[in-house]
Number of protein chains: 2
Amino acid sequence: MEREISLSDLFFKRPDLETFCTGIFQALGLPPEDSVDAGRILVSADARGIRSHGLAHVKRYVDGIRAGFISADVNITTIYETPLSLVLDAEGSVGLGISRRAMDKAIEKAAAHGIGVCSVRNSNHFGIAGYYTEMAARQDMIGIALTNTAALGVPTFARSAWFGTNPIACAVPALDGKMFSLDMATTTVTRGTVEVYAQEKKLLPAGWAVGTDGLYTQDPVQLLEDILYLRGGGLLPLGGEGTVAGGYKGYGLAVLVDILCALTSGGTFGSAVRDSAVTSARVCHFFMAIRLDLFRPPEEFKKDMTKMLDELASLDPADGQSRVFYAGLRSHETESRYTKTGIPLAPKTWDILKKIAAELHIPVPCPIH
Amino acid sequence: MEREISLSDLFFKRPDLETFCTGIFQALGLPPEDSVDAGRILVSADARGIRSHGLAHVKRYVDGIRAGFISADVNITTIYETPLSLVLDAEGSVGLGISRRAMDKAIEKAAAHGIGVCSVRNSNHFGIAGYYTEMAARQDMIGIALTNTAALGVPTFARSAWFGTNPIACAVPALDGKMFSLDMATTTVTRGTVEVYAQEKKLLPAGWAVGTDGLYTQDPVQLLEDILYLRGGGLLPLGGEGTVAGGYKGYGLAVLVDILCALTSGGTFGSAVRDSAVTSARVCHFFMAIRLDLFRPPEEFKKDMTKMLDELASLDPADGQSRVFYAGLRSHETESRYTKTGIPLAPKTWDILKKIAAELHIPVPCPIH
């Protein structure tokens, strides 16, 4: 979720943050190409206001690489390939560069044959899924990106975590660079949101999580502890607890994401996707690109797409609301705004990054203000 | 949603119901092949306990064909074709036979090239989406079927209906005929469920619907009237009202289904998908088949798939629950049970069918008991 700007935030120019972040990964031993990808992909999250998936995440990579849980080497193994498909083994590397490469391959295959798919196993966190789908959308293709993640979601009627936040992302181009860009966890909320509630000592709303008995819990602190020690309980799928508001649908979508990511690549699925004392959770990804001209001339398609998006954005709002959005509109507007104002970082994130930079002897960028 | 058996239900042998239903469509002037499809597809819904999409739906087809809103002729036009893709215009025909044909073509293209997609415009209700996805799953393929439907869902922060219940269905095979089979509306509930609440004078739970002000309504009778007269209000997307429980995610999925169905086929989308005084709502469908061996040997894939499904079905249930399901398990169990007991029909549905049969001079099957 997007976070509001705080008065204590520091603002940076996008290229400065990208160069800085690239430098960190290069100092950690990543190849130059992967370091550039890491910088671009992580900063793209902050540039859209999705702070949970941006530079706040760098420390996890740094710690993982230093502990030997995540590989700084990029030894990608091709497991299987056909004209339309590719299966890669990331061999425990940072998930960013390999995901950019995997989507590039899907796009390349789609350019040649109409549709391309690439699944990846033994990978790590890949940042925002929307980064990859929009690569395809900019090539007049429908882009799809999915990933499984460490298990913390509880199946409908169960009492312990089995699936991850397993996001679904899909981008579809309209005219003039406009696009529909959906990027959503299949759980109601992510762990990050629960952590904010724990810090602020707020009670969890219904439909977010269950405790060790498999029933609604309001207590974010207890929940996080129970998840950490694998005692049971966890986040609920989109649609919430039980079946009344459709929780089995979010659960079905989460499992579907796991199937497309892990079963196509032969990787780890379900509750086995977990951080342990000796390794990071080895996640799997799925990328797909579908050329618009499989169906219609792209300009016709994008004209209708523009009409659709304009229609949605001009709908009469509900009482108390000022406007109606479509998927991606808000984050793209944020990105335009931050291009002018600079990208804000929370002081806490900035302090951690400065400390990492000092340890790695990397110069730090100057805030604009 | 599945409905419980009532004591007054009548039970029939599946082949008897299929023959009966086929006869009705043939008497209405549908070609023999399409009549057989109609019988099989509609009865498959009742066979799984999904009564809303089965024989209870025959009257709508009969009325539509008699009024000239739905075409009994099947004049399918090929709009565009590539080795991987096909776009069809159903020309207002019954949506069942053309959808079976469209999925057959997607499967044929996948068999030849790895992946096949087919989108259809100007169609009508196609029954349960899961019928088509499971056709692909039985061929060692991942099957996807989507359809847009008449607008009755309200976008997040809006106050009037713009999208349909827009279901997402996906089936993935495991060993021994077992499969994962997700088939879900992207709205929290369907209109049928609200109608049941209206009949039973029950208040609607939170997260199901909004009134003409765009805010939560408890009144099913008023809601159905407001939807009928296009006054505003409607069903909520999966995740409910606003953003707290993720309503923007269900909204995003509903729009994505509309894009894949209507923008790929050049058909009608959004709030324009409506029944009118001169025509039925002309809906669009999307079918996709992906061969498992694009990724791994199918037997390996299906072995892992079986392991996944067995794991899910054997999870410890929450307090008060007796077991955990996975997508499709419940409806497939119902289908096995009804194969032995016969398929139940509600007396009201049976009375309507008998009346139609009498008008068309069709023999009616005998109930088993």
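Heads up: the structure comes first, above all this text.
Residues numbered from 1 in each chain as written. Chains lettered and ligands numbered in written order. Predicted model: local features only at pLDDT ≥ 70, side-chain atom pairs only at ≥ 80, totals over all residues. Heavy atoms only, no water.

Peer 1: What's the story with the environment of V196 of chain B in this structure? I'm lost.
Peer 2: Topologically, V196 of chain B is positioned in helix α6 (residues 191-199). Sequence separation between V196 of chain B and P220 of chain B is 24 residues, and the spatial gap between their C-alpha atoms is 8.9 Å. (Helix = DSSP H or I, 4+ residues; strand = E, 2+ residues; numbered from the N terminus.)

Peer 1: How should the side chain of T306 of chain A be read in this particular structure?
Peer 2: Within the secondary structure, T306 of chain A is located in helix α9 (residues 298-313). What T306 of chain A contacts, discounting residues up to four positions off in sequence, is A174, L175 and K178 of chain A. (Contact = heavy atoms within 4.5 Å.)

Peer 1: Would you mind showing me how to read the interface of chain B and chain A here?
Peer 2: Frequently, the measure chosen for interface size is the accessible area removed from exposure when the parts meet. Contacts between the two partners involve 79 residues from chain B, matched on the other side by 79 residues from chain A. Between chain B and chain A, roughly 6600 Å² of surface is buried when both sides are summed, and carbon and sulfur atoms account for 72% of that area. The largest contributions to the chain B side of the interface with chain A come from F157, K249 and F295 of chain B, which together make up 12% of the buried area. Linking chain B with chain A are 2 salt bridges, by the criterion used here. (Buried area = accessible area lost by both parts, 1.4 Å probe. Salt bridge = Lys/Arg side-chain N within 4 Å of Asp/Glu carboxyl O.)

Peer 1: What's the story with the nonpolar core in this structure? I'm lost.
Peer 2: Side chains that are nonpolar tend, in soluble globular proteins, to be buried together. Judged by nonpolar contacts, the single largest core of 104 residues is most densely connected at F180, M288 and M305 of chain A together with F180, M288 and M305 of chain B. Ignoring sequence-local partners within four residues, the contact set of F180 of chain B consists of G252, V255, L256 and I259 of chain A together with C170, A171, V172, M305, L309 and A327 of chain B. (Core = buried A, V, L, I, M, F, W, Y, C linked by side-chain atoms within 4.5 Å. Buried < 20%, exposed > 50% of the residue type's maximum accessible area, 1.4 Å probe, protein only.)

Peer 1: What am I meant to see in the pattern of salt bridges here?
Peer 2: It is possible for side chains bearing opposite charge to pair when their charged atoms get close. Taken as a whole and judged by the stated rule, the model has 56 salt bridges over all chains. The closest approach of N and O atoms between D89 of chain A and R121 of chain A, which form a salt bridge, is 2.9 Å. Remark: R121 of chain A occurs in strand β4 (residues 115-123) and D89 of chain A occurs in strand β3 (residues 85-89); sequence separation between them is 32 residues. For D293 of chain B, the salt bridge is made with R291 of chain B, and the minimal N-O distance between the two is 2.8 Å. The network of salt bridges with common partners includes E33, D34, D37, R100, R101 and D104 of chain A.

Peer 1: Quick question: what am I supposed to make of the sheet that holds strand β6 (residues 168-173) of chain B here?
Peer 2: Strand pairing within a sheet occurs via backbone hydrogen bonds; the two strands may be parallel or antiparallel. Residue and element names in this part refer to chain B. The 7 strands are arranged β2-β3-β4-β10-β5-β6-β7 in an open sheet whose pairing can be described as mixed. Looking along the sheet, the strands with just one partner apiece sit at the ends: β2 (77-81) and β7 (179-184). Each strand of the sheet is rotated relative to its neighbour by a mean of 10 degrees, with strand direction disregarded. Sheet topology places β2 next to strand β3 (residues 85-89); 4 bridges connect them, and they run antiparallel. Among the inter-strand pairings, T77 is bridged to a residue of β3, identified as D89. (Pairing = 2+ DSSP bridges. Axes fitted to C-alpha atoms, helices over the stretch in contact; angles between N-to-C directions.)

Peer 1: Where do I start with the pairing of strand β4 (residues 115-123) of chain B in this structure?
Peer 2: Residues in a regular strand project their side chains so that they alternate between the two faces of the sheet. Residues and elements named next belong to chain B. Counting buried positions along β4 yields 7 of 9 residues, so the element is predominantly enclosed. Examined bridge by bridge, β3 and β4 share 5 bridges and lie parallel to one another. Within β4, the position partnered with L86 by the bridge is C118. Looking at chain direction, β4 and strand β10 (residues 283-291) are connected through 7 bridges and run antiparallel. Looking at the pairing, I115 lines up with I290 of β10.

Peer 1: In this structure, what is going on with helix α4 (residues 95-113) of chain B? I would like to understand it.
Peer 2: Count 3.6 residues to each turn of an α-helix, and residues three or four apart come out pointing the same way. Residue and element names in this part refer to chain B. Compared with an ideal rise of 1.5 Å per residue, which puts 19 residues at 27 Å, α4 spans 26 Å between its outermost C-alpha atoms and is within 8% of the ideal. Of the residues making up α4, those classed as buried are G95, L96, G97, I98, S99, R100, A102, M103, A106, I107, K109 and A110. Looking at the residues trailing α4, positive phi occurs at G114, about 115 degrees. (Expected span 1.5 Å × (residues − 1).)

Peer 1: Just to check I follow, could you spell out the packing of α4 of chain B against helix α5 (residues 130-137) of chain B for this structure?
Peer 2: When two helices pack together, their arrangement is given by the angle between their axes and by how far apart the axes lie. Residues and elements named next belong to chain B. Direction vectors running N to C along α4 and α5 enclose 25 degrees, while the axes themselves pass 10 Å from each other. It follows from the interaxial angle that α4 and α5 lie roughly parallel. By crossing handedness, the relation of α4 to α5 is classed as right-handed. Of α5, the residues touching α4 (which contributes G95, L96, S99, R100, M103, D104 and I107) are Y131, Y132, T133, M135 and A136. Of the residues in the contact of α4 with α5, the class split is 7 nonpolar, 3 polar and 2 charged. (Parallel < 35°, antiparallel > 145°, perpendicular 65-115°, else oblique. Left-handed = near helix turned anticlockwise from the far one by under 90°. Nonpolar A, V, L, I, M, F, W, Y, C, P; charged D, E, K, R; others polar.)

Peer 1: I would appreciate a short explanation of unusual backbone geometry in the present structure.
Peer 2: In this structure, F157 of chain A takes a positive phi of about 75 degrees despite not being glycine. Of note, F157 of chain A is situated in the loop between β5 (141-147) and β6 (168-173). Taking the relative accessible area as the measure of exposure, F157 of chain A reaches 16% and is therefore buried. One non-glycine residue with positive phi stands out, namely D140 of chain B, at about 60 degrees. Take D140 of chain B: it is sitting in the loop between α5 and β5 (141-147). Using a relative accessible area of 24% as the deciding quantity, one classes D140 of chain B as partly exposed.

Peer 1: Please clarify how the sheet that holds β3 of chain A should be interpreted in this entry.
Peer 2: Overall, mixed pairing links the 7 strands, which are arranged β2-β3-β4-β10-β5-β6-β7 (chain A) in an open sheet. Edge positions in the open sheet fall to β2 (77-81) and β7 (179-184) of chain A, since each of these has one partner strand only. Neighbouring strand axes in the sheet, compared pairwise and without regard to direction, differ in orientation by 10 degrees on average. Examined bridge by bridge, β6 of chain A and β7 of chain A share 6 bridges and lie antiparallel to one another. The residue of β7 of chain A that forms the bridge with I168 of chain A is M184 of chain A. The sheet contacts of helix α8 (residues 247-265) of chain B involve β5, β6 and β7 of chain A, and relative to β7 of chain A the element is tilted by about 135 degrees.

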